[in-house]
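Residues per chain are reported as follows:
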Amino acid sequence: MDRAVFVSDIHLSESTPAISSLFFRFLEEIDATALYVLGDLFDAWPGDDDLEDPFVVRAVSAMKKASLRMKLHVMHGNRDFLMGKGFLEACGALSVPDPFCCEINGIQLLLAHGDALCTADLEYQAFRRQVRDPAWQASFLARPLAERKEVARGLRQQSEMKKLKKSDAIMDVDESAVAEAFRTHGYVTMIHGHTHRPGKHRHQVDSRRCERWVLGDWHEAGAIAISASGGGLSFLEIK
Ligand code: LP5
Ligand code: MN
């Protein structure tokens, strides 16, 4: 019997060692056949040439060790969309696109980071289109690593300032985007993160009853993950 565990929004950073310790311990102790990281494993990923950074070396080695016990799957988030093959290969992880459909013990799941569903946040969606453009990414990655880290720091600050002025509704997923995702992929169960509002929501989409399970972001005190096993889906408290 397979057991998959889903997490997102760990936001690993050298500046939050308690969260890193919690995540590394979780990787050692988790009892699962597969782990899906649905975006924002790192607080910011400036490019795979950061693999020599001592903090990144620790994170990669924790992932690699876990990959020997279970299948690791990693999806891009809005902070680490520049993660490439170099990172994934070093971790022994497979990349999964956003959105991604999978089946675990007969449960069909639609997986996403969640940011693409926040369609009312027009400013963010314009920013997202720009930075997901392959030509833009190639020119950005051609800049020196130190400069990219500085840009990432500046963008994080700008993002925090912008968020203070956005309503909670704008920063949540949009109902019609959620319905569209359920229609396009035909599944009735979705798991995503990004909004940092863990919970379970029901959506009536045409004649179908759908469920949307939302993961939490990681704090020093713990995190909310989701487990999928023979018994169905359940929230999993990580402490
Ligand atoms: O992540 P979170 O929850 O804090 O906020 C997101 C949205 N913000 C972002 C920006 C990231 O936090 C910062 C980027 C991380 C580092 C990337 C690493 C490498 C750098 C690559 C260069 C891009 O995603 C936030 C949403 C919120 O989720 C809720 O959904 O509201 O959106 C914003 O705050 C974006 C602003 O609204 C628009 C920012 C305009 C910036 C203009 C600069 C454009 C040029 C880019 C280039 C150098
Ligand atoms: Mn996110």
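Above: the structure in question.
Worth saying up front: this structure is predicted, and the values here are computed from it rather than measured.

Colleague: What is the right way to read the overall build of the protein from this model?
Modeller: Secondary structure assignment for the protein yields 7 helices and 11 strands. Taking 2.2 N^0.38 as the reference for a compact globule, 239 residues should give roughly 18 Å; the C-alpha atoms of the protein span a radius of gyration of 17 Å, in line with that estimate. Across the 239 residues that make up the protein, the buried fraction comes to 49%. About 11800 Å² of surface is accessible on the protein, with carbon and sulfur atoms providing 53% of the total. Positive and negative side-chain charges in the protein, numbering 29 and 34 respectively, have mean positions lying 2 Å apart.

Colleague: What should I look at first to understand the sheet that holds strand β7 (residues 189–192) in this one?
Modeller: Adjacent strands of a sheet form backbone hydrogen bonds with each other and so pair up, either parallel or antiparallel. Across the sheet, which stays open at both edges, the 5 strands sit in the order β5-β6-β7-β9-β8 with mixed pairing between neighbours. In this open sheet, the two strands that pair with only one neighbour each are β5 (100–104) and β8 (199–205). Taken pair by pair, the neighbouring strands of this sheet meet at an average axis angle of 25°, ignoring direction. The pairing of β7 with strand β9 (residues 208–214) spans 4 bridges and is classified as parallel.

Colleague: Sorry, what's going on with the coordination of the manganese ion (ligand 2) here?
Modeller: Octahedral metals with six donors have ideal donor angles of 90 or 180 degrees. Tetrahedral metals with four donors have an ideal donor angle of 109.5 degrees. Within the first shell, the manganese ion (ligand 2) binds the protein through D40 (OD), N78 (OD1), H113 (NE2) and H194 (ND1), at distances of 2.1 to 2.3 Å. With relative accessibility at 0%, the residue H113 sits in the buried group. Judged by relative accessible area, H194 falls into the buried class, the value being 18%.

Colleague: Is there a simple way to think about the side chain of D50 in this case?
Modeller: Locating D50 in the fold gives a position in the loop between β2 (34–38) and α2 (54–67). Assessed through its relative accessible area of 8%, D50 is described here as buried. A polar contact is formed between the side chain of D50 and the side chain of K149, at a distance of 3.0 Å. Contacts of D50, omitting those with residues within four sequence positions, involve V56, L145 and K149.

Colleague: Any chance you could explain the sheet that holds strand β10 (residues 223–229) here in plain terms?
Modeller: Reading across from one edge, β4-β3-β2-β1-β10-β11 is the order of the 6 strands in this open sheet, with mixed pairing throughout. Two strands bound the open sheet, and with one partner strand each, they are β4 (93–96) and β11 (232–238). Strand-to-strand twist in this sheet, taken as the mean axis angle between neighbours without regard to direction, amounts to 25°. As defined by bridge partners, β10 adjoins β11 across 7 bridges and the pair is classed as antiparallel. Bridge assignment links S227 to a residue of β11, and that residue is S234.

Colleague: What exactly am I supposed to notice about the packing of aromatic side chains here?
Modeller: In this structure the tally under the stated criterion is 11 aromatic pairs. With 5.4 Å between their ring centres and 80° between their planes, F23 and W218 make a pair best called edge-to-face. Within this pair, whereas F23 is found in helix α1 (residues 17–29), its partner W218 is found in the loop between β9 and β10, the two being separated by 195 residues in sequence. Looking at F23, the relative accessible area reads 1%, which means it is buried. The exposure class assigned to W218 is buried, which follows from its relative accessible area of 3%. Judged by centre distance (6.2 Å) and plane angle (45°), the ring pair of Y124 and F127 falls under tilted. A residue pair is termed a helical-turn pair when its members lie 3 or 4 positions apart in one helix, as Y124 and F127 do in helix α4 (residues 122–131) at 3 residues. Classification of Y124 as buried rests on a relative accessible area of 13%. Overall, the relative accessible area of 29% leaves F127 in the partly exposed class. Three or more aromatic residues joined by ring pairs make a cluster, and in this case those are F23, F24, F26 and W218.

Colleague: What is the right way to read the site of ligand 1 from this model?
Modeller: Around ligand 1 lies a shell of 26 residues, among which R79, D121, R156, K163 and K166 are the nearest. Within the side chain of K166, one N or O atom sits 2.7 Å away from an oxygen atom of ligand 1. Compared with its free state, where it exposes 1000 Å², ligand 1 has 89% of that area covered by protein. For the shell around ligand 1, the secondary structure elements donating two or more residues are α4, α5 (134–141) and α6 (145–164). In terms of residue count, the dominant contributor to the shell around ligand 1 is α6 (9 residues). Of the residues assigned to the shell around ligand 1, the class counts are 13 nonpolar, 5 polar and 8 charged.

Rules of the game
- Residues numbered from 1 in each chain as written.
- Chains lettered and ligands numbered in written order.
- Predicted model: local features only at pLDDT ≥ 70, side-chain atom pairs only at ≥ 80, totals over all residues.
- Heavy atoms only, no water.
- Helix = DSSP H or I, 4+ residues; strand = E, 2+ residues; numbered from the N terminus.
- Rg over C-alpha atoms; globule rule 2.2 N^0.38 Å.
- Buried < 20%, exposed > 50% of the residue type's maximum accessible area, 1.4 Å probe, protein only.
- Areas by Shrake-Rupley, 256 points an atom, 1.4 Å probe, with all protein chains shown as cover.
- Lys, Arg positive; Asp, Glu negative; His and termini not counted.
- Charge placed at Lys NZ, Arg CZ, Asp CG, Glu CD.
- Pairing = 2+ DSSP bridges.
- Axes fitted to C-alpha atoms, helices over the stretch in contact; angles between N-to-C directions.
- Donors = N, O, S within 2.8 Å, 3.2 Å for Na, K, Ca; no water.
- Polar contact = N/O pair within 3.5 Å; in protein donor to acceptor, adjacent residues only side chain to side chain.
- Contact = heavy atoms within 4.5 Å.
- Phe/Tyr/Trp six-rings, centres within 6.5 Å; stacked < 30°, edge-to-face > 60°.
- Near = heavy atom within 4 Å.
- Nonpolar A, V, L, I, M, F, W, Y, C, P; charged D, E, K, R; others polar.

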